[in-house]
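Coordinates in review
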Amino acid sequence: MVLKVFFPSCCSSADSGILIGRWISEQNSAVILAVVHFPFIPVQVKQYLGEVQRVTKVSVSVLGSWSNSKQEKEESLSEFLEDLGTIFCHEPWIQISKEGDSKFWSCSTLQKHSKDPQEEEIVLVYYDQRKVMLSHLHPPLDTAGQRAEDASKLSAIFDTVARSRLLFMTDRYDEGPIKLTHWQSDGVEASIIVELMKQASVPACMLLTFLLSLLSGVCRSRVLKFWPLSFLWSKLSTCEQLGHRLQHLQVISSNKKAQNQNQLMRKANIFVSVLIDVALGILLMSWLYRKNRIGHLADTLIPVADHVAEELQDLLQWLMGAPAGLKMNRALDQVLGRFFLYHIHLWISYIHLLSPFIEMILWYVGLSACLGLTVALCILSDIIALLTFHIYCFYVYGARLYCLKIYGLSSLWRLFRGKKWNVLRQRVDSCSYDLDQLFIGTLLFTILLFLLPTTALYYLVFTLLRLLVVIVQGLIHLLVDLIDSLPLYSLILRLCRSYRLAAGVKFRVLEQQDGKPLRLLMQINPLSYGGVVQTYRLPTYSCYPRDSWASLCKKLFLGELIYPWKHKGEKQN
């Protein structure tokens with residue numbers, strides 16, 4: 001059998017002593033965690049390992065001896081190290097030694113209590129203890145077959161080092177009976193700023209949790225469930241984004257400890273996302289309030305609205321004539337054209353009525369950018385929806401009229417074929433009609449068929465205008481979803497400390513010689529950027545339609561309405 005010994009590279013220059021770590025019998029592997037130096041008392045070592053095992057739930061024990069020949073002065077030291085195997089009683093007893101100035105290492109095993117000792121092939125694997133402990137191993141997406149088995153073996157190695165954090169909290173400056181060499185033996189890695197932020201975050205989180213609980217209680221009150229407020233809350237994307245950010249703040253301010261690495265990364269991603277969102281919003285707000293840009297924007301808004309209304313009037317005048325040389329039904333054409341022109345006149349009057357208050361409205365709307373860039377973008381989307389409400393009304397009128405004629409023609413076409421739609425059974429059945437019914441049906445079918453081109457042209461024009469508005473709103477909400485769902489902290493971590501997000505490991509051969517153990521170096525393969533986004537992507541909501549092209553074409557042909565808003569409670573995973 002092959003014996004795999006995982007040895008930390010930070011212990012390569014350690015003084016002679018004993019090796020402590022975990023023995024994984026299922027894999028015939030030994031994970032070395034630290035080296036205990038001389039002098040030591042075996043009873044104290046056993047007590048210390050028992051305390052570590054009780055706290056970390058890792059079966060830590062003495063696995064063998066470590067001999068650094070540069071420090072050896074007496075020949076009896078190697079014999080003493082072999083005799084330690086009878087005190088700590090571990091099978092097999094691993095002996096690792098460094099041979100003077102040679103670059104080769106010797107590794108052997110002793111099996112004193114075995115009746116039939118077998119010679120094992122030994123593979124000595126070096127690993128960076130700090131990187132392995134701080135990293136989080138991500139199993140492959142297709143966890144099936146050999147790859148899943150290999151991932152479980154690697155997870156045991158990573159889990160052993162990560163759970164032995166208590167063992168690495170002692171350094172050589174501690175006044176204790178046991179001296180250890182590990183990756184933090186020269187001093188525990190810490191930051192004063194991080195520790196102060198941890199202490200200050202506790203009261204801040206408690207205050208934020210209290211304020212958010214009051215705000216969420218107001219949002220869940222019965223006042224918001226009445227018809228006008230509930231309708232606005234479900235339709236305005238600004239309200240949805242505020243509710244989404246409220247959930248994020250509740251997750252961040254929660255004093256509940258993260259159960260695993262995924263929950264911890266989710267909290268960190270949400271915190272960085274909210275922080276960058278608010279920073280971008282403050283930059284936007286500072287840009288808006290410089291050089292009276294809000295006043296210039298308010299002065300530009302009214303002429304733009306008038307220009308759009310004039311273009312719509314010109315379009316309707318073109319449709320009321322002979323558009324593209326098409327022969328339209330003049331009576332219906334005039335009725336529809338005047339009807340829509342009257343709506344445009346009402347809309348212009350409404351805009352000019354609000355013109356004295358537009359600058360004040362924009363000034364207060366600009367203050368909302370301090371809540372985040374996403375909130376400002378959602379407000380922009382709602383403003384576009386309000387400013388183009390007349391286009392939405394035109395689209396609804398045209399779609400309803402076109403849909404009525406399509407369903408009327410389909411019903412009358414079934415009448416010609418002696419069929420009818422059975423509402424109870426939801427199918428088409430045969431039916432016999434008398435002469436009067438056929439005559440009335442033929443007359444209505446002819447009228448609807450000759451009026452269909454005029455209605456279809458109006459429907460097509462207003463549908464294209466409506467799709468243009470929906471596309472603009474969709475681009476805005478794509479940017480909002482990108483800011484909300486992008487795992488920025490994970491991407492920064494992948495860029496700066498790629499070993500923290502491990503997708504696997506690779507082994508590099510350091511030395512290979514006959515009669516010597518195979519020496520390998522274990523290196524961490526970082527998770528790809530696409531894998532980071534796929535693994536840690538935050539859930540968002542969608543305010544624009546995500547229909548397929550086939551579904552969209554079907555809705556357009558049948559005259560069904562295309563809503564720009566999502567349904568209440570619908571979420572995107």
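Residues numbered from 1 in each chain as written. Predicted model: local features only at pLDDT ≥ 70, side-chain atom pairs only at ≥ 80, totals over all residues. Heavy atoms only, no water.

Looking at an unreviewed UniProt entry, one finds the protein chain named PIGQ acetylglucosaminyltransferase, with Ptilorrhoa leucosticta as its source organism.

**Thoughts on the overall build of the protein chain**
The condition that has to hold: Labels follow the DSSP assignment, with helices taken as runs of H or I lasting at least four residues and strands as runs of E lasting at least two, numbered in each case from the N terminus. For the exposure calls, accessible area comes from a 1.4 Å probe over protein chains only, and a residue counts as buried if that area is under 20% of its type's maximum, exposed if over 50%, partly exposed in between. Whether two residues are in contact is decided by their heavy atoms: any pair within 4.5 Å suffices. Here the Shrake-Rupley method, with its probe set to 1.4 Å, supplies the accessible areas, and only the displayed protein chains count as covering residues.
For the protein chain, the helix and strand inventory stands at 17 helices and 13 strands. With 573 residues in all, the protein chain has 42% of them scored as buried. At a minimum sequence separation of 6, the contacts of the protein chain that also span at least 24 residues come to 72%. In the structure as shown, the protein chain presents an accessible area of about 33,000 Å², 63% of it carried by carbon and sulfur atoms.

**Looking at the packing of aromatic side chains**
Which entries qualify depends on this criterion: A pair of Phe, Tyr and Trp rings is counted when the ring centres sit within 6.5 Å of each other, with Trp represented by its six-membered ring. The angle between the planes then sorts it: under 30 degrees is stacked, over 60 is edge-to-face, the rest tilted. In this analysis the charged atom, NZ for Lys or CZ for Arg, is taken to sit over a ring once it is within 6 Å of the ring centre and within 35 degrees of the ring normal.
This model, assessed by the stated rule, comprises 16 aromatic pairs. Each ring, one from phenylalanine 340 and one from phenylalanine 394, has its centre 4.9 Å from the other, and the planes form 70°; the classification is edge-to-face. With phenylalanine 340 in helix α10 (residues 330-354) and phenylalanine 394 in helix α13 (residues 389-416), this pair connects stretches of sequence that are 54 residues apart. Neither residue differs from the other here; phenylalanine 340 and phenylalanine 394 are each classed as buried. An aromatic cluster is built from Phe339, Phe340, Phe394, Tyr397, Tyr458 and Phe462, whose rings are joined through pairwise contacts. Across the ring face of tyrosine 529, the terminal group of arginine 494 is positioned such that the distance to the ring centre comes to 4.6 Å.

**Side note on the pairing of strand β2 (residues 17-24)**
To keep it simple, the criterion reads: Following DSSP output, two strands are said to pair if at least two bridges run between them.
Burial analysis of β2 places six of its eight residues in the buried class, the great majority of the element. Bridge count for β2 against strand β3 (residues 29-37) is eight bridges, and the pairing is antiparallel. Each bridged residue has a counterpart across the sheet, and for glycine 21 the counterpart in β3 is isoleucine 32. What sits between β2 and β3 in their antiparallel hairpin is a turn of four residues, with asparagine 28 showing a positive phi close to 55°. Bridge count for β2 against strand β4 (residues 60-68) is six bridges, and the pairing is antiparallel. Note that in β4 the partner of isoleucine 20 across the bridge is valine 62.

**Overview of the packing of helix α7 (residues 237-253) against helix α8 (residues 261-288)**
Put simply, the rule is: Only the stretch in contact is used when a helix axis is fitted, and all axes are lines through C-alpha atoms; the angle between N-to-C directions ranges over 0 to 180 degrees. Each angle receives one of four descriptions, namely roughly parallel if under 35 degrees, roughly antiparallel if over 145, roughly perpendicular if within 65 to 115, and oblique otherwise. In this scheme, a crossing is called left-handed if the near helix is turned counterclockwise away from the far one by less than a right angle; it is called right-handed if the turn is clockwise. Only Asp, Glu, Lys and Arg are considered charged in this grouping, and only Ala, Val, Leu, Ile, Met, Phe, Trp, Tyr, Cys and Pro are considered nonpolar; every other residue, Gly among them, is considered polar.
Two numbers describe how α7 lies on α8: the axes approach to 9 Å, and their chain directions differ by 130°. By the criterion of interaxial angle, the relationship of α7 to α8 is oblique. The chirality of how α7 crosses α8 is left-handed. Note on element contacts: α8 touches α7 through Arg266, Lys267, Ile270, Phe271, Ser273, Val274 and Asp277, opposite Arg245, His248, Leu249, Val251 and Ile252. Of the residues that constitute the contact of α7 with α8, the class distribution is six nonpolar, two polar and four charged.

**Re the nonpolar core**
Heads up, the rule is: For the purposes of this section, nonpolar cores are sets of buried Ala, Val, Leu, Ile, Met, Phe, Trp, Tyr and Cys residues that join through side-chain atoms within 4.5 Å.
Ranked by internal contacts, the top residues of the largest apolar core, which has 41 residues, are Val45 and Leu167. Take this core: its biggest share by element is five residues, from helix α4 (residues 146-163). Excluding residues within four positions of it along the chain, valine 45 makes contact with Ile18, Val36, Phe40, Val62, Phe88 and Ile178.

**Side note on the environment of glutamine 534**
The residue glutamine 534 is located in helix α16 (residues 529-536) in this model. With a relative accessible area of 57%, glutamine 534 lands in the exposed category. Between the alpha carbons of glutamine 534 and proline 487 there is a distance of 9.2 Å; along the sequence they are 47 residues apart.

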